[in-house]
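What follows is each chain in one-letter form.
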Amino acid sequence: VIPEPPGEARSAGRRRVLAEWIASPDNRLTARVMANRLWQFQFGRGLARSPNDFGHQGERPTHPELLDWLAGELVEGQGTRDKGQQALTLNSQLSTLNSPTWSLKRLHRLIMTSAAYHMSSRANPDGLARDPTNDLFWRFDMRRLSAEEIRDSIHAVSGQLNRTMYGPSTYPELSPEVLHGQSRPGEGWHTSPPDEAARRSVYIHVKRSLIPPMLSNFDFADPDSSCAARFMTTQPAQALGMLNGKLVHDQARAFAGRVRREAGDEVDDQVRRALELALCRPPAAADVEHGLRLIASLRGKHGLTDERAVEYYCLVVLNLNEFVYLD
C-alpha cells in the first residue's frame, strides 16, 4: 500500500515502497531468485534454468526444496542443517523474521563447501545414460571462467591486482584500433594510470562502443539488454588475444618478475612456483619437465635471454586450459 505523502514531501514514496516490498521477509520470491543466481554463478546454471523467469512460462527448479532451503539460508541463516529433518519451506522460514540480515557471503560459503560443489567433472556411462543433461548434479559441469574472472585472475597471479574497493570507474588502456570503434575515436575515454587500471573488472567503465578486447573476446554481457545467462563460446580471437595481446604480455612480464623474486634464480624452482601460483596445486614432475624443456628451447633454439625465456613461459602458463577452466 502506497501511503499518502506528507504535504512537505518531495517524492510520492513509491520507489521506497517498492524497494521495501522486494526486500521484505514476506516476499519469498526475491530470496529464491537470488539463491538461484548464486547457484548459477558457482555451477554455471541455476537450479531453475530460467533465472529471469520464475513464472509459469519459466522452467521449474530441478530441486525445489533445496532452492527454498538455500533461500532461507540467505536470509538470516534460517534453513535447517539437521539431516534428519526435512528442509523447511520458505514460507515458514521467512514469516518469523523481523529484521532479516541478508548475507551473500554466507550462502557462497555454504554452496562452495557442499559435496555437490566438490563433485568430480568426470562422467561415467551409467550417469550419462540416466541423466545426460546433469539435472541431478551427479557431476560437476566443467565451465570456463567468465571474462571478468579471467582478467582478474591474470592480474592476481602476476601480483598486480589492485584490490582497492569503491570509488570511481577505471579506464584500462585500449589500442587505437579499439578506440576507432567510436565516431569520435577516444573521446571520453581517459586512460587510467597502470595501478588504477589493474583494479578488478567490476570497476571498469562500460561503454557500448569501447568494450576492452579481453572482456569482449570472452563473451562479456551485452550492455544493451538484461543477461540471464552468458553463452560460453570458443573462437579464434580468444587464443589470439591471450597469446598476442598487450595486456597479457605485460602481465606475463610482471608474473615472471614475481616468480623470480619468490623462487630465486634456479629455473626449475621458477617453473614450479609459476605453476603453483597459476594452477593452485603442487605441479606434477611431468609439468615441470615440460616447462624446463620449453625454456631450454627458447634459449638455445631461439636465442632468448634467461629472463625473456621465463617471461614467455609465464605467458604459456596463463594460456593453459587449467588456468581458464574450472574443473
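Being a predicted model, the structure only gives us computed values, none of them experimental.

Caption draft 1: Summary view of the pattern of salt bridges. Applying the stated criterion across every chain, the model contains 25 salt bridges. Across the salt bridge formed by R281 and D287, the nearest N and O atoms sit 3.1 Å from each other. For R281, a relative accessible area of 28% gives the class partly exposed. Here E322 and R281 are joined by a salt bridge, their closest N and O atoms 2.7 Å apart. Here E322, found in helix α16 (residues 321-324), pairs with R281, found in the loop between α13 (267-279) and α14 (285-300); they are 41 residues apart in sequence, far enough to count as distant. A network of salt bridges, in which partner residues are shared, links E173, K246, D250, R253, R308 and E311.

Caption draft 2: Up close: the nonpolar core. Ranked by size, the top nonpolar core spans 35 residues in total, and within it I150, I154, M242, F255, L318 and F323 carry the most contacts. Contributing elements (two or more residues each) for this core: α7 (147-158), α10 (213-216), α12 (246-263), α13, α14, α15 (306-318) and α16. When residues of this core are assigned to their parent elements, the largest contribution, seven residues, is made by α15. Not counting residues within four places of it along the chain, the set of residues in contact with L318 comprises I154, V157, M242, V248, A252, F255, F323 and V324.

Caption draft 3: Geometry of the packing of aromatic side chains. For the coordinates displayed, the defined rule picks out seven aromatic pairs. Here the aromatic rings of W39 and F137 are separated by 5.4 Å at their centres, their planes lie at 80 degrees, and the arrangement is edge-to-face. Remark: F137 occurs in the loop between α6 (125-130) and β1 (143-144) and W39 occurs in helix α2 (residues 28-43); sequence separation between them is 98 residues. Comparing W39 with F137 shows no difference in burial state: the two are buried. Taken together, W39, F43, Y117, F137 and F140 form an aromatic cluster joined through their ring pairs. The side chain of R199 reaches across the aromatic face of Y203, ending 4.0 Å from its centre.

Caption draft 4: Fine view of α13. In a regular helix each residue adds 1.5 Å, so 13 residues correspond to 18 Å; α13 covers 18 Å between its end C-alpha atoms and thus fits that length. Among all positions of α13, only Q270, V271, A274, L275, L277, A278 and L279 are buried. C280, located one to two residues past α13, shows a positive phi value of around 55 degrees.

Caption draft 5: Quick peek at the side chain of Q251. As for its placement among the helices and strands, Q251 is situated in helix α12. You can call Q251 buried: its relative accessible area is 9%.

Caption draft 6: Summary view of the packing of α12 against α13. The interhelical angle for the contact between α12 and α13, taken along N-to-C directions, is 120 degrees, at an axis separation of 9 Å. Both α12 and α13 take part in a crossing whose hand is right-handed. Contacts between α12 and α13 involve F255, R258, V259, R260, E262 and A263 from the first element and D269, Q270, R273, A274, L277 and A278 from the second. A breakdown of the residues in the contact of α12 with α13 according to their chemical character gives six nonpolar, one polar and five charged.

Caption draft 7: Structural view of the packing of α13 against α14. It is the contact of α13 with α14, at a shortest axis distance of 9 Å, that shows an interaxial angle of 120 degrees. In terms of their interaxial angle, α13 and α14 are classed as oblique. For the pair α13 and α14, the sense of crossing is right-handed. In this structure, α13 contributes V267, D268, V271, R272 and L275 to the contact, and α14 contributes D287, V288, G291, L292, I295 and R299. Across the contact of α13 with α14, the residue classes break down as six nonpolar, one polar and four charged.

Caption draft 8: Examining the environment of A198 more closely. Residue position: A198 is located in the loop between α9 (194-197) and α10. Apart from residues lying up to four places away in sequence, A198 is in contact with R151, H155, Q160, L161 and N162.

Caption draft 9: The arrangement of a nonpolar patch on the surface in detail. A cluster of nonpolar residues, L18, W21 and I22, forms a patch on the protein surface that exposes about 320 Å² of accessible area. Examined against the element boundaries, W21 turns out to sit in helix α1 (residues 14-22). Residue class for W21 comes out exposed when judged on its relative accessible area of 54%.

Caption draft 10: Representation of unusual backbone geometry in the model. The backbone of N134 shows a phi angle near 60 degrees, a positive value even though the residue is not glycine. Within the secondary structure layout, N134 lies in the loop between α6 and β1. Even without a glycine there, the phi angle at C280 is positive, about 55 degrees. Within the element layout of this structure, C280 appears in the loop between α13 and α14. In this structure C280 comes out as exposed when scored by relative accessible area, which is 70%.

Caption draft 11: Structural view of α2. For α2, which comprises 16 residues, the first-to-last C-alpha distance of 23 Å matches the rise-based estimate of 22 Å (1.5 Å per residue) to within 8%. Every buried residue belonging to α2 is among T30, A31, R32, A35, N36, L38, W39, Q40, Q42 and F43, and all of these are buried. One or two positions beyond α2, positive phi appears at G44, with a value near 95 degrees.

Analysis parameters
Residues numbered from 1 in each chain as written. Predicted model: local features only at pLDDT ≥ 70, side-chain atom pairs only at ≥ 80, totals over all residues. Heavy atoms only, no water. Salt bridge = Lys/Arg side-chain N within 4 Å of Asp/Glu carboxyl O. Buried < 20%, exposed > 50% of the residue type's maximum accessible area, 1.4 Å probe, protein only. Helix = DSSP H or I, 4+ residues; strand = E, 2+ residues; numbered from the N terminus. Core = buried A, V, L, I, M, F, W, Y, C linked by side-chain atoms within 4.5 Å. Contact = heavy atoms within 4.5 Å. Phe/Tyr/Trp six-rings, centres within 6.5 Å; stacked < 30°, edge-to-face > 60°. Lys NZ or Arg CZ within 6 Å of the ring centre and 35° of its normal. Expected span 1.5 Å × (residues − 1). Axes fitted to C-alpha atoms, helices over the stretch in contact; angles between N-to-C directions. Left-handed = near helix turned anticlockwise from the far one by under 90°. Nonpolar A, V, L, I, M, F, W, Y, C, P; charged D, E, K, R; others polar. Parallel < 35°, antiparallel > 145°, perpendicular 65-115°, else oblique. Patch = residues over 30% accessible without salt bridge, like charges linked within 9 Å, V, L, I, M, F, W, Y side chains within 5 Å. Areas by Shrake-Rupley, 256 points an atom, 1.4 Å probe, with all protein chains shown as cover.

Purely geometric stuff here, so don't read any function into it on its own.
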